[in-house]
Amino acid sequence: MRICMIGTGYVGLVSGACFADFGHDVTCVDKMPEKIEGLLAGKMPIWEPGLEALVKHNAEHGRLKFTTDLAEGIRDADAVFIAVGTPARRGDGHADLSFVYAAAKEIAGALTRKAVVVTKSTVPVGTGDEITRILLENGAPEGTSVASNPEFLREGAAIRDFKIPDRIVVGAEDEFAREVLREVYRPLFLNKAPILFTGRRTAELIKYAANAFLATKISFINEIADLCEAVGADVQEVSRGIGLDNRIGPKFLHAGPGYGGSCFPKDTLALLQTAEKEGVGMRIVNSVVEVNDARKAAMADRVREAIGGELTGKKVGVLGLTFKPNTDDMRDAPSLALIKRLQEGGAEVIAFDPVGREQAEPMLPGVTFAEDAYKVAAGADALVLVTEWDEFRALDLRRLAGTMRSKHLIDLRNVYDRADVERAGLSYRGIGRGERQ
Ligand code: NAD
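What counts, and at which threshold
- Residues numbered from 1 in each chain as written.
- Predicted model: local features only at pLDDT ≥ 70, side-chain atom pairs only at ≥ 80, totals over all residues.
- Helix = DSSP H or I, 4+ residues; strand = E, 2+ residues; numbered from the N terminus.
- Rg over C-alpha atoms; globule rule 2.2 N^0.38 Å.
- Contact = placed C-beta atoms within 7 Å.
- Near = placed C-beta within 6 Å.
- Nonpolar A, V, L, I, M, F, W, Y, C, P; charged D, E, K, R; others polar.
- Buried ≥ 20, exposed ≤ 12 C-beta atoms within 10 Å, placed from the backbone.
- Pairing = 2+ DSSP bridges.
- Right-handed = clockwise from strand over helix to strand, strands pointing away.
- UniProt positions renumbered as here; feature names shortened; annotations may be inferred.
- Domains from an automatic or database assignment.
- Axes fitted to C-alpha atoms, helices over the stretch in contact; angles between N-to-C directions.

Asker: Just checking my understanding: could you explain the overall build of the chain for this structure?
Answerer: The helix and strand inventory of the chain stands at 17 helices and 14 strands. Taken against the 2.2 N^0.38 rule, which gives 22 Å for 437 residues, the C-alpha radius of gyration of the chain at 23 Å falls within 12% of a compact globule. For the C-alpha atoms alone, the extent of the chain along its principal axes is close to 70 × 50 × 40 Å. Across the chain, the fraction of contacts at a sequence separation of at least 24, relative to all contacts at a separation of at least 6, is 72%.

Below, the structure is given as structure tokens:
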């Protein structure tokens, strides 16, 4: 199959490289020349484990190409995937579809024969209908079809998720689209990955329903964590105790500083927008968003309480900035809200992240960046563990404590054991670990 992938971000580049690795002939297009120039020189625009080697291998074998010229990328394509960003629109939280529609218009003008145009971007219900209209109005060849194929990969484990997915969802309205996408994904169902064919609108909604459900699990366990603190229970044991029930499952039950990242915050808001437009109540998702916003805002108060009620003049060290480990993605990371509030409260912030600095630095004015966790700790009044990178899991706590001005560890990911931390001479505050235990 000849595949054109529009957008070389976290989704487009990983999907394009994996399709090429299956043996398809893939051209990735991006309108940012610096991204394409970098890729042509073997430099990845994002940090994702295993991606550089995968791209290099497939580029060397001539199956993976890069261009800024959409018309060139699209020539002879059987399937054209749209994997451009759909950020939340400022003000109302509606998905900003301008990149998707601009891409659709360009595709219409560039196609020389019928193809399947597939949205991989997360788009609200009905977007496929609008893309169909744009293609028709702008002269796409007759028989061109529009399908929805939402992506479920997780940053940090994106290649594995793409190659061994829990399921593939294809929303299509005709046999041509189903046939092409069956062929595109054939290497995966040889591995027995379930492929689910639905209508296009249903596929579009599946993606939002999945993300809203996962966000619900997180907000749920975060509220249970607060209750644990009040009643002297341990949220990690509660999570395990409920997660072992097959009907519930253990995943997405880790209490923490609230969900962030490039998907859950914007996708929950976009789902609420769709529901409101349709006049359908979505009280659960609404509460999930409220609980999460309040949680992110409350994290700085935990730090303030832990260090004695006053942030002014205090130096707070932050370990981990990206929204989760194994990615450089800073979009809507909980560290942003935390640091802003710490600074507003008068604290000086020093931070370290293993790979996120380049993206984080322009987003965090006034923050000093250090080279490792121990340099962050030197002279600090508190250390806050925000992102659970592996390299923060076995820190030498005594060494950290030895260089700190006052000795407090606020562990927003429950990586450490209270007794170990206290033995090293630090006070400990985790999440949802009641004091009465
Ligand atoms: P991203 O911002 O990392 O990448 C988007 C890319 O598209 C950018 O490189 C941009 O330059 C390019 N682009 C925009 N308009 C273009 C055009 N007209 N022609 C060519 N290139 C164009 O975004 P992302 O994180 O990869 O997300 C893409 C979509 O996938 C979003 O809808 C997102 O919700 C969805 N999604 C993301 C993830 C994730 O983990 N990041 C997971 C599942 C789904």
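And the narrative resumes.
Asker: Please explain the site of the ligand as it appears in this structure.
Answerer: If you check the shell around the ligand, you find 27 residues, and the closest are Gly7, Gly9, Val11, Ser121 and Thr122. When residues of the shell around the ligand are traced back to their parent elements, those giving at least two are helix 1 (10-21) and helix 5 (98-110). Take the shell around the ligand: its biggest share by element is four residues, from helix 5. Among the residues forming the shell around the ligand, the class breakdown is twelve nonpolar, nine polar and six charged.

Asker: Mind showing me how you'd approach the pairing of strand 10 (residues 348-352) here?
Answerer: The two faces of the sheet receive side chains in turn, since in a regular strand these alternate between them. For strand 10, the tally of buried residues reaches four of five residues, placing the bulk of the element in the interior. Looking at chain direction, strand 9 (residues 315-319) and strand 10 are connected through five bridges and run parallel. Bridging from a neighbouring strand, Leu319 pairs with Phe352 of strand 10. Each parallel crossover has a hand, and for strand 9 linked through helix 13 (residues 334-344) to strand 10 it is right-handed. Here two bridges tie strand 10 to strand 11 (residues 368-369), and the two strands are oriented parallel to one another. Counted as the bridge partner of Ala351 is Phe369 from strand 11.

Asker: Hey, could you run me through the UniProt feature "domain: UDP-glucose/GDP-mannose dehydrogenase C-terminal" (unreviewed entry) in the chain in this one?
Answerer: Taking the UniProt record as the reference, the feature "domain: UDP-glucose/GDP-mannose dehydrogenase C-terminal" (unreviewed entry) is found at residues 317-418. From the first C-alpha to the last, residues 317-418 spans 19 Å; its make-up is 27% helix and 18% strand.

Asker: Can you walk me through the domain arrangement of the chain in this structure?
Answerer: When the parts come together, some accessible area is lost, and that loss is often what is quoted as the size of the interface. When cut into domains, the chain gives domain 1 (2-198) and domain 2 (206-437). The distance between the C-alpha centroids of domain 1 and domain 2 comes to 33 Å. Taken together, the contacts link 19 residues of domain 1 with 18 residues of domain 2. Here the residues of the side of domain 1 that touches domain 2 sort into twelve nonpolar, four polar and three charged.

Asker: For this particular structure, what's the right way to read the sheet that holds strand 10?
Answerer: Read from one edge of the open sheet, six strands run 11-10-9-12-13-14, paired in parallel fashion. Either end of the sheet is taken by a strand with one partner, and the two such strands are strand 11 and strand 14 (427-429). The strands touched by helix 12 (residues 283-306) within the sheet are strand 9, strand 12 (382-385), strand 13 (408-411) and strand 14, with strand 13 carrying the most contacts at an inclination of about 155 degrees.

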